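Structural overview
Below are the chains, spelled out letter by letter.
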Amino acid sequence: LRGLVCDGRSATFAEVLSLLVRQQIPLDECLMLAADASGDQGLRTDAQQLADRLRAGGSPAESSTRLSAIPPLVGWLLSARGPLPALSQTLSLTADVYRQRAQRTVTWAVVYLPIVLSVLVGGTATLIQALAVFLPLSRLWYQLGMGGCR
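Note that the structure is predicted; figures quoted are calculated from it, not measured.

Reading the values: rules and limits
- Residues numbered from 1 in each chain as written.
- Predicted model: local features only at pLDDT ≥ 70, side-chain atom pairs only at ≥ 80, totals over all residues.
- Heavy atoms only, no water.
- Helix = DSSP H or I, 4+ residues; strand = E, 2+ residues; numbered from the N terminus.
- Expected span 1.5 Å × (residues − 1).
- Bend = angle between axes of the 7 residues up to and from the residue.
- Buried < 20%, exposed > 50% of the residue type's maximum accessible area, 1.4 Å probe, protein only.
- Contact = heavy atoms within 4.5 Å.
- pLDDT = per-residue confidence, 0-100.

A look at helix α5 (residues 84-145)
Taking 1.5 Å per residue, 62 residues should reach 92 Å; α5 reaches 86 Å between its end C-alpha atoms and fits that length. Along α5, the sharpest change in direction is near 35° and occurs at Tyr-112; proline Pro-114 comes one to four residues later. All of the buried residues along α5 are Leu-87, Ser-88, Leu-91, Ser-92, Thr-94, Ala-95, Tyr-98, Ala-102 and Ala-109. Against α1 (2-22) and α4 (72-80) lie the buried residues of α5. The first or second residue beyond α5 is Gly-147, which carries a positive phi of 120°.

Considerations on the confidence of the model for the protein
Within the protein, residue pLDDT values average 87, and 93% of them lie at 70 or more. Within the protein, the element-level pLDDT minimum falls on α4, averaging 84, and the maximum on α5, averaging 92.

Laid out in C-alpha cells, this is it:
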C-alpha cells in the first residue's frame, strides 16, 4: 500500500504543477507550491533543491545529486524543458498515469486482499483445529499400537 500513497502524491504533484505552469507562474515557484500540495516531505526537499538550482540559472537536467523523491516521469519532463503549454499538458497526462496506477492498486487491494486474508485466517483456523483433533488421536493410536494403555 506504500505504492498507493506514493502514486497518489505523485499524481497530486504533477497535477498541481501542470495547473501552475498553465497559469505561467515561474517554474521554481511552481515546484515549491506543487511539492507543498503533495504532502511529501522528501518531495519538498528535492523540489527545494531543484528550485534553488533554477533560481541560480541552472537547468533541471544538470543534476549533481539524484533527486529521488521527484517522480521519474516528471523529472524527465522538467529536464526536457519543452514549451510551457506542452509541458502543462504533458504534466496533466502524467498526473493521469500516476492516478491510474493508484486506482489499480486500490482495485487490487479491494479484490484480492479479502481473498488473501480469508485464506490466511481460514487456513490458520483449520490448522489449529486439525492439530487439536488429530494430535491426541495420533497419540492414542500410537499407544494402542504399542500394546495398549498400562
